[in-house]
Amino acid sequence: MKIFWRRLLGKSLRSDLLKSLKYGVLGLGDSSYSKFNFAAKKLNKRLAQLGGKELLPIGLADDQHNLGIDAVADPWIKKLWEEIANVFKISIEDKIQENLIIEKYRVSILNKRDLYTSRLLMSSDRWIIRHPDKLDHLYEKEREVNVNIKIGSIIENVRTTSEDYFQDVRLINILLPFNIKYDPGDIIYIRPKNSMEQVNRFFKILHENNVELYSDTMVVITKKEIKVPFVLQQCLTLETIVEQYWDLNFKPRRSTMHILSLISENELEKEKLCEFASPSGQEELYDYINRPRRNILEVLADFPYTTSKINIGVLFEILSPIRPRPYSIASSSKTTPDRIQILVAVVEFKTRLLEPRFGLCSKWLSSLKENNTVVFWFQKGTFRFEDNKPMILIGPGTGVAPLRSFLLEKATEERDLKECALFFGCRNRDKDYHCREDFERLSRENNLKVFCAFSRDQNYKM
Ligand SMILES: Cc1cc2nc3c(=O)[nH]c(=O)nc-3n(C[C@H](O)[C@H](O)[C@H](O)COP(=O)(O)OP(=O)(O)OC[C@H]3O[C@@H](n4cnc5c(N)ncnc54)[C@H](O)[C@@H]3O)c2cc1C
Ligand SMILES: Cc1cc2nc3c(=O)[nH]c(=O)nc-3n(C[C@H](O)[C@H](O)[C@H](O)COP(=O)(O)O)c2cc1C
């Protein structure tokens, strides 16, 4: 991305360089950010400066809109097709048919005999001969192509809020495979898994609707429309895919409803799904999915006749991969070079649905026990601390994590922290003052100035 921008913004580029380019830019932004759709606007302007011709005005989609990005994206895409049809003098009906499922991959189920009697050629020309047990870490395979992927093991997983406090926050101590240098402000990306409870629920819904897919069903995925992600280029049990690849907490989108409507043969369910997939049904879809934060499993349970038509290929179309989650590092590699600590707020909240909602990664992290392992990688943070300058550090709640990293590091290097002032805020001194002992010790032994605001330690809210 950086290279693309550097080249595109090059000062020596001729102003007619892109004179034969016709283009359209659709920005997917969020107007709660001060630079709303900044990248899209900049791209649109630069392409014009280099002689490109706008096929249609820039679309500025806004995630804050009640209908989400669709409010702008839908009419914009429709107009784009009209313009393309104009340029190529084709009829608009010649464009991709919308009532077909265009499957990303070719997915096949391997029976045990195939596995033992034949060897299977994958698209990447790799021969698979190993019996696919349930893998501990699907993403461990990424280490073959990415040296940055690490596997660490849990040393400690300690709650930093009192047991009677509503929120569970964890200080998680992870042992690194070897000493690694990292800096305050750096983050780690973690690959979470679905809980076994969710995995069992997934199979239960399939079986209740007579879908014959099981945890030990062996699946082989090869390229069809797009390249198969590296970790899926191996024979896997469905359980591994369900537990570690698909996000079972995923909130179905309009496109999910569209695919389900295409496989549905039940009149009532199909009608409802078509409505959810239509432009006019978006407010209703928002009420059904986004407001209560319904997940894909609940939707499949709500549409049993449609679910009964699901096959392995469709699952790859309606389910999304689990995204890795970033966490600020709360420790210093100067004091603990063989480990990292992160401070994780466990996301759990109620909606109008009976069952509480939870955050996929934070809930999974909170369940980890000593010696359990995690797949992660480091990323340089954009949050940089200047050396040798007095510092005012403001970080309430888990926002204090990178500040703790910085203060622990500085205390090891310089000992004296009298030039640093930490402003921390939470509800109660005795309930959710994370890493209190550390900050009190740094104050006592290293002269750190600590200012705390406890908003609910008195009768009035501060
Ligand atoms: C650079 C960076 C650093 C970060 N550092 C930290 C850190 O140090 N510590 C930390 O705890 N997190 C940190 N995060 C956040 C972290 O990456 C995850 O987003 C967070 O843990 C939630 O992930 P999850 O998988 O548990 O929840 P998800 O499954 O992703 O669900 C979270 C979603 O739930 C919804 N939600 C949450 N609470 C409510 C509510 N009360 N009502 C309605 N909806 C709600 C929100 O829409 C939210 O998007 C950081 C994020 C970034 C970008
Ligand atoms: C770290 C971060 C920075 C973002 N910065 C901007 C921004 O500057 N301008 C903007 O319009 N949207 C910004 N967004 C919003 C995204 O473009 C996107 O609309 C939003 O994240 C919703 O899409 P998603 O559901 O795929 O995350 C940002 C999002 C994130 C996570």
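Residues numbered from 1 in each chain as written. Chains lettered and ligands numbered in written order. Predicted model: local features only at pLDDT ≥ 70, side-chain atom pairs only at ≥ 80, totals over all residues. Heavy atoms only, no water.

**Brief notes about the overall build of the chain**
Now for step 1: Within the chain, the regular secondary structure consists of 15 helices and 20 strands.
Now for step 2: Looking at the 462 residues of the chain, the share that counts as buried comes to 47%.
Now for step 3: Across the chain, contacts joining residues at least 24 apart in sequence account for 73% of those joining residues at least 6 apart.
Now for step 4: About 25500 Å² of surface is accessible on the chain, with carbon and sulfur atoms providing 52% of the total. (Helix = DSSP H or I, 4+ residues; strand = E, 2+ residues; numbered from the N terminus. Buried < 20%, exposed > 50% of the residue type's maximum accessible area, 1.4 Å probe, protein only. Contact = heavy atoms within 4.5 Å. Areas by Shrake-Rupley, 256 points an atom, 1.4 Å probe, with all protein chains shown as cover.)

**Some remarks on the UniProt feature "domain: FAD-binding FR-type" (unreviewed entry) in the chain**
Now for step 1: According to UniProt, the feature "domain: FAD-binding FR-type" (unreviewed entry) maps to residues 147-386 in the numbering used here.
Now for step 2: Overall, residues 147-386 shows 32% helix and 22% strand. The separation of its end C-alpha atoms is 29 Å. (UniProt positions renumbered as here; feature names shortened; annotations may be inferred.)

**Observations concerning the site of ligand 2**
Now for step 1: Around ligand 2 lies a shell formed by Leu28, Gly29, Asp30, Tyr33, Lys35, Phe36, Asn37 and Asp63.
Now for step 2: In this structure, Leu28 approaches ligand 2 through a main-chain N or O atom, which is 2.9 Å from an oxygen atom.
Now for step 3: Within the backbone of Gly29, one N or O atom sits 3.2 Å away from an oxygen atom of ligand 2.
Now for step 4: Notes on ligand 2: free accessible area 620 Å², of which the protein chains cover 41%.
Now for step 5: In terms of residue class, the shell around ligand 2 is made up of three nonpolar, two polar and three charged. (Near = heavy atom within 4 Å. Polar contact = N/O pair within 3.5 Å; in protein donor to acceptor, adjacent residues only side chain to side chain. Nonpolar A, V, L, I, M, F, W, Y, C, P; charged D, E, K, R; others polar.)

**Here we look at the UniProt feature "domain: Flavodoxin-like" (unreviewed entry) in the chain**
Now for step 1: The positions UniProt marks with the feature "domain: Flavodoxin-like" (unreviewed entry) are residues 1-81.
Now for step 2: Along residues 1-81, the helical share is 38% and the strand share 15%, with 27 Å between the first and last C-alpha atoms.

**Considering the site of ligand 1**
Now for step 1: As a matter of local geometry, ligand 1 sits amid 14 residues, with Pro326, Tyr327, Leu343, Cys361 and Ser362 nearest to it.
Now for step 2: Here Arg293 contributes a side-chain N or O atom positioned 3.2 Å from an oxygen atom of ligand 1.
Now for step 3: Interatomic distance of 3.1 Å between a backbone N/O atom of Ser328 and a nitrogen atom of ligand 1.
Now for step 4: Taken by itself ligand 1 offers 990 Å² of open surface, and the protein chains cover 58% of this.
Now for step 5: Counting residues per element, the ones that place at least two in the shell around ligand 1 are strand S13 (325-328), strand S14 (339-345) and helix H13 (360-367).
Now for step 6: Per element, the largest residue contribution to the shell around ligand 1 is four residues, and it comes from S13.
Now for step 7: Partitioning the shell around ligand 1 into residue classes produces nine nonpolar, three polar and two charged.

**A closer look at a nonpolar patch on the surface**
Now for step 1: On the surface, a cluster of nonpolar side chains totalling about 430 Å² of accessible area is made up of Ile392, Ile394, Phe423 and Phe451.
Now for step 2: Residue placement: Phe451 occurs in strand S20 (residues 449-454).
Now for step 3: You can call Phe451 partly exposed: its relative accessible area is 40%. (Patch = residues over 30% accessible without salt bridge, like charges linked within 9 Å, V, L, I, M, F, W, Y side chains within 5 Å. Salt bridge = Lys/Arg side-chain N within 4 Å of Asp/Glu carboxyl O.)

**Quick word on helix H8 (residues 267-277)**
Now for step 1: Of the residues making up H8, those classed as buried are Glu269, Leu273, Phe276 and Ala277. Around the axis of H8, the buried residues are gathered within 95 degrees of arc, so they sit on the same side. Exposed residues lying more than 90 degrees from the buried face of H8 are Glu267, Leu268 and Glu271.
Now for step 2: Looking at the buried side of H8, the elements it contacts are helix H7 (254-263), helix H9 (282-290), helix H10 (296-302) and helix H11 (304-307).
Now for step 3: Between a side-chain oxygen at the N-terminus of H8 and the backbone nitrogen of Leu268 the separation is 3.2 Å; the capping residue is Asn266. (Arc of directions from axis to C-beta.)

**Some points on the layout of surface pockets**
Now for step 1: In this structure, the second largest pocket occupies an estimated 170 Å³ of space.
Now for step 2: Taken together, Lys181, Asp183, Pro184, Lys334, Arg384, Phe385, Asp387, Phe406, Glu409, Lys410, Glu413 and Glu414 form the lining of the second largest pocket. (1 Å grid on protein atoms, 1.4 Å probe; cavity = no way out; pocket = protein on both sides within 12 Å on 5 of 7 lines; lining within 4 Å. Points joined across faces, edges and corners; volume = space filled by probe spheres on them.)

**Points about the packing of helix H14 (residues 401-414) against helix H15 (residues 436-446)**
Now for step 1: Direction vectors running N to C along H14 and H15 enclose 30 degrees, while the axes themselves pass 11 Å from each other. Comparing the axis directions of H14 and H15 gives the class roughly parallel. As for the relative orientation of H14 and H15, their crossing is left-handed in sense. Along the contact surface, H14 presents Arg404, Leu407, Leu408 and Ala411, while H15 presents Asp438, Phe439, Arg441, Leu442 and Asn446.
Now for step 2: Considered class by class, the residues forming the contact of H14 with H15 number five nonpolar, one polar and three charged. (Axes fitted to C-alpha atoms, helices over the stretch in contact; angles between N-to-C directions. Parallel < 35°, antiparallel > 145°, perpendicular 65-115°, else oblique. Left-handed = near helix turned anticlockwise from the far one by under 90°.)

**Digging into the sheet that holds S14**
Now for step 1: Spatially, the six strands line up as an open sheet ordered S13-S10-S17-S8-S9-S14, and their pairing is antiparallel. Each edge of the open sheet carries a strand with a single partner, namely S13 and S14. Here the strands of the sheet are splayed against their neighbours by 40 degrees on average, with no regard to which way each runs.
Now for step 2: Where strand S9 (residues 169-175) and S14 come together, seven bridges link them in antiparallel fashion. Opposite Asn173, over in S14, you have Gln341 as the bridge partner.
Now for step 3: Contacting strand S8 (150-159), S9, strand S10 (187-191), S13, S14 and strand S17 (373-379), H13 crosses the sheet at an angle of about 65 degrees to S13. (Pairing = 2+ DSSP bridges.)

**As for the nonpolar core**
Now for step 1: Counting residues in each nonpolar core, the largest one holds 53 residues, and the members touching the most others are Phe202, Trp246, Met257, Phe316 and Ile318.
Now for step 2: In contact with Met257, not counting residues within four places along its chain, are Pro252, Leu273, Phe276, Ala277, Leu285, Tyr288, Ile289 and Val299.
Now for step 3: Listed in part, the 25 residues of the second largest apolar core include Leu343, Leu403, Leu407 and Phe439. (Core = buried A, V, L, I, M, F, W, Y, C linked by side-chain atoms within 4.5 Å.)

**Overview of the environment of Val169**
Now for step 1: Its place among the elements puts Val169 in strand S9.
Now for step 2: Considered as a pair, Val169 and Asp186 are 17 residues apart in the sequence and their alpha carbons are 20 Å apart.
Now for step 3: Once you skip the residues sitting within four places of it in the chain, Val169 turns out to touch Val158, Arg159, Thr160, Thr161, Leu343, Val344, Ala345, Thr398 and His434.

**What about the sheet that holds strand S5 (residues 105-110)?**
Now for step 1: Taken in spatial order, the three strands line up as S5-S11-S12 in an open sheet, and their pairing is antiparallel. Because the sheet does not close on itself, it has two edges, and the strands there are S5 and strand S12 (236-237).
Now for step 2: Sheet topology places S5 next to strand S11 (residues 218-223); six bridges connect them, and they run antiparallel. Of the residues in S11, the one forming a bridge with Val107 is Ile221.

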